[in-house]
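Observations on chain architecture
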Amino acid sequence: MIVILKKDISQEDLDRLLQKLRQYDCSYLLYENGEPILRIKSKQNVLTKDFFLTQPGVENVYRVTPAYDLAARKSQDQETSIQTGDSQINSRHFTVIAGPCAVESEEQILGIAQKLASSGIHYLRGGAFKPRTSPYSFQGLGIEGLKLLRKAATQYRLKVVTEAVSSSDVEIVSEFADIIQIGTRNMQNFRLLKTAGKQKKPVLLKRGMNATLEEFLLAAEYILQEGNPGVILCERGIRTFETATRNTLDISAVPLIKQMSHLPMFVDPSHASGKRSLILPLSRAALAAGADGAMIEVHNQAEHAKSDGPQSINFETFDELLASLKEIAHVLGKQLQ
Ligand code: PEP
Ligand code: MN
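Residues numbered from 1 in each chain as written. Chains lettered and ligands numbered in written order. Predicted model: local features only at pLDDT ≥ 70, side-chain atom pairs only at ≥ 80, totals over all residues. Heavy atoms only, no water.

**Quick word on the overall build of the chain**
Scanning the chain from N- to C-terminus turns up 11 helices and 15 strands. Along the first, second and third principal axes, the C-alpha set of the chain runs to 75 × 45 × 40 Å. Within the chain, the proportion of its 337 residues that are buried is 51%. Considering only residue pairs separated by 6 or more positions, the chain has 69% of its internal contacts joining residues 24 or more positions apart. Of the roughly 15700 Å² of accessible surface on the chain, a fraction of 49% belongs to carbon and sulfur atoms. (Helix = DSSP H or I, 4+ residues; strand = E, 2+ residues; numbered from the N terminus. Buried < 20%, exposed > 50% of the residue type's maximum accessible area, 1.4 Å probe, protein only. Contact = heavy atoms within 4.5 Å. Areas by Shrake-Rupley, 256 points an atom, 1.4 Å probe, with all protein chains shown as cover.)

Right, here's the structure in full:
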């Protein structure tokens, strides 16, 4: 942190400030030519920006290191690789997580799981607890949905990705899921983040639809801080003035997050666009921009889907998508899975 001191700071105020720094074991350098400036190396959040801003004799404060520590790129040498059973999510692969918006019936989820397995996909998604904007919309099958997901995944040797919408769901969801999803509406549900951080399963954290990238990484920090290193980030579109798409896919978030953090970064083109016709081009863009994977809504009968039918692709489009991603992955030296 850089603390610009007032030119006329009293010796007494300066001494008090320096004493505080020594008390909290913060190393510092004081430059006194021209305007007095303190350059401080503080242990994470021991003395905050707000603390310095409220001290007499302080003109301004600038952070030079990010507010998130564990999620920051420089906090570890290697990029994070997430192991679930025999599958790995990391930057050597482009991992496709696919499946319906919601688990609707045994027949539906088994049919979709069979298709995904035959296409070489490792991860099955499907909501059992659904965060719906309207209380009149289909809310998901709950625990019954979790059981159906597990059954389909076991039968076709897939891994389950499904959402927990509140901290009270985390325990039951982690019993059935391989990866717990936290949705856009819950990105700043700090109690849910902490609960997810206390259990062992990896967490796929979606970006809040109105969150900055710093807020996104601070949300990830909540999970990491509780001792769970398995966080996957997912850009799923943000709210803008544009109404032609459901949200606006912030594609620059992909390379930026890869520069800012060591965590794997996914893109969800389905919720970003809300439009079936955009899933293929946006998935290609995600891979080309450096994403480590995509989460895509696929349905066996999209026209009858109980939620998010207009953005769900059918099996034929899914095949076309995989063929196209395979070619791009090959050019980038990544393996599609
Ligand atoms: C979902 O993936 O089913 C979902 C509800 O996504 P989001 O939280 O991004 O809206
Ligand atoms: Mn959906």
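**A short note on the environment of Ala211**
Looking at where Ala211 falls in the secondary structure, it is placed in the loop between β11 (203-206) and α7 (213-225). As for Ala211 and Ile238, which are separated by 27 residues in sequence, their C-alpha atoms are 7.8 Å apart.

**A look at helix α4 (residues 143-155)**
In an α-helix there are 3.6 residues to a turn, and that puts residues three or four apart on one side. End to end, α4 covers 18 Å across 13 residues, agreeing with the expected 18 Å (1.5 Å per residue, within 8%). Check the buried side of α4 and you find it contacts α3 (106-118), β8 (123-125), β9 (159-163) and α5 (170-176). One or two residues past the end of α4 sits Arg157, with phi positive at roughly 55°. (Expected span 1.5 Å × (residues − 1).)

**Regarding the coordination of the manganese ion (ligand 2)**
Protein-derived coordination of the manganese ion (ligand 2) comes from Cys101 (SG), His271 (NE2), Glu297 (OE) and Asp308 (OD), at a distance range of 2.0 to 2.3 Å. For the manganese ion (ligand 2), all donor residues lie on one chain, and their spacing in sequence is C-x169-H-x25-E-x10-D. Of the two residues, Cys101 sits in the loop between β7 (93-99) and α3 while Asp308 sits in the loop between β14 (293-297) and α11 (315-332), which places them 207 residues apart along the sequence. The class of Cys101 is buried, set by a relative accessible area of 3%. A relative accessible area of 15% means that Asp308 is categorised as buried. (Donors = N, O, S within 2.8 Å, 3.2 Å for Na, K, Ca; no water.)

**Things to note about the site of ligand 1**
Within the structure, ligand 1 sits among Arg125, Lys130, Pro131, Glu163, Gln181, Gly183, Thr184, Arg185, Lys206, Arg236, His271 and Glu297. Residue Thr184 places a main-chain N or O atom 2.9 Å away from an oxygen atom belonging to ligand 1. Between an oxygen atom of ligand 1 and a side-chain N or O atom of Lys206, the distance comes to 2.8 Å. Against a free-state accessible area of 290 Å², the protein chains account for coverage of 97% of ligand 1. In terms of residue class, the shell around ligand 1 is made up of one nonpolar, four polar and seven charged. (Near = heavy atom within 4 Å. Polar contact = N/O pair within 3.5 Å; in protein donor to acceptor, adjacent residues only side chain to side chain. Nonpolar A, V, L, I, M, F, W, Y, C, P; charged D, E, K, R; others polar.)

**Comments concerning the packing of helix α6 (residues 190-198) against α7**
For the pair α6 and α7, the least separation of the axes is 7 Å and the interaxial angle reads 40°. When the interaxial angle is binned, α6 and α7 end up oblique. Relative to α7, the crossing made by α6 is right-handed. Seen from α6, the contacting residues are Phe190, Leu193, Lys194, Ala196 and Gly197; seen from α7, they are Ala219, Tyr222 and Ile223. Residues that form the contact of α6 with α7 fall into these classes: six nonpolar, one polar and one charged. (Axes fitted to C-alpha atoms, helices over the stretch in contact; angles between N-to-C directions. Parallel < 35°, antiparallel > 145°, perpendicular 65-115°, else oblique. Left-handed = near helix turned anticlockwise from the far one by under 90°.)

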